Amino acid sequence: RPQLQKEVTAIPIGKKLDAIGFLHTAMWVKGKPGEVLGSYMIHYKDGSSVQVPIINQKNIADWWAKRDFPSALMAKVVSAPNGERYALYVTTWTNPHPDKLIKTLDMRSNGKAILALIAATGVEREAKSNNKLESLSLRSHSSHKTFGGN
């Protein structure tokens, strides 16, 4: 699908987080189980970054699969207007540098699947001690942003 963009960049975060939960899915997957389909890139305010691989049938899966995987739990099955049912998966990434401010987040496909980031939720240290989750709104950046390129 060459008309779709392969990446969404500079999604603003602006917080120190212990973890990020990604609600996402993959479509028209051409990668084999265990194969990297793309990545999340976490950019810190100090200029450093961490790459989080998006791995088929580990932390994401094709929306047709409709089952849990080692690091991707099926969060919801949604119905499309045409009656088809698709799975959304949630995976949690633990920040190796929770004392660093996360400036932005990127999501990139390597072309072996169309990737869709639906939402992300961050867990802050203070919020975690109060047993609350801090939600990050990505609506303005991820709404209708499906990308891939196969």
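Quick caveat, the model's predicted, so the values are computed rather than measured.

Caption draft 1: Up close: the pairing of strand 7 (residues 101-109). Across six bridges, strand 1 (residues 7-16) lies against strand 7 in antiparallel orientation. Across the sheet, Glu7 pairs through a bridge with Arg108, a residue of strand 7. Inspection of the sheet shows strand 3 (residues 36-44) paired to strand 7 by seven bridges, in the antiparallel sense. Bridge assignment links Met41 to a residue of strand 7, and that residue is Asp106.

Caption draft 2: Quick look at the nonpolar core. Within the largest apolar cluster, 23 residues are counted, with the highest numbers of intra-cluster contacts made by Phe22, Ile42 and Trp93. Elements with a minimum of two residues in this core: strand 1, strand 2 (19-27), strand 3, strand 4 (49-55), strand 7 and strand 8 (114-123). When residues in this core are grouped by element, the largest group, four residues, is from strand 3. Excluding residues within four positions of it along the chain, Phe22 makes contact with Tyr40, Ile42, Tyr89, Val90, Thr91, Trp93, Leu105, Leu117, Ala119 and Ala120.

Caption draft 3: How the structure looks around the environment of Ser49. Of note, Ser49 is situated in strand 4. If we ignore the near neighbours within four places in the chain, the residues touching Ser49 are Met41, Ile42, His43 and Tyr44.

Caption draft 4: View of the sheet that holds strand 3. Pairing within the open sheet is antiparallel, and its four strands lie in the order 1-7-3-4. Strands with a single pairing partner mark the edges of an open sheet, and in this sheet they are strand 1 and strand 4. Each neighbouring strand pair of the sheet contributes to a mean axis angle of 20°, computed without reference to strand direction. Summarising the sheet, strand 3 and strand 4 pair through seven bridges and their orientation is antiparallel.

Caption draft 5: Representation of unusual backbone geometry within the structure. At Ala10, a position not held by glycine, the phi torsion is positive, near 60°. By relative accessible area, which is 42% here, Ala10 ends up partly exposed. Backbone geometry at Trp28 places phi at a positive 50°, although glycine is not the residue there. Mapped onto the elements of the fold, Trp28 is located in the loop between strand 2 and strand 3.

Caption draft 6: Spotlight on the side chain of Asn59. If you trace the backbone, Asn59 turns up in the loop between strand 4 and strand 5 (73-79). A distance of 2.6 Å separates a polar side-chain atom of Asn59 from the backbone nitrogen of Ile55. Excluding residues that lie within four positions of it along the chain, Asn59 makes contacts with His24, Pro53, Ile54, Ser71, Ala72 and Thr91.

How each quantity is defined
- Residues numbered from 1 in each chain as written.
- Predicted model: local features only at pLDDT ≥ 70, side-chain atom pairs only at ≥ 80, totals over all residues.
- Heavy atoms only, no water.
- Pairing = 2+ DSSP bridges.
- Helix = DSSP H or I, 4+ residues; strand = E, 2+ residues; numbered from the N terminus.
- Core = buried A, V, L, I, M, F, W, Y, C linked by side-chain atoms within 4.5 Å.
- Buried < 20%, exposed > 50% of the residue type's maximum accessible area, 1.4 Å probe, protein only.
- Contact = heavy atoms within 4.5 Å.
- Axes fitted to C-alpha atoms, helices over the stretch in contact; angles between N-to-C directions.
- Polar contact = N/O pair within 3.5 Å; in protein donor to acceptor, adjacent residues only side chain to side chain.

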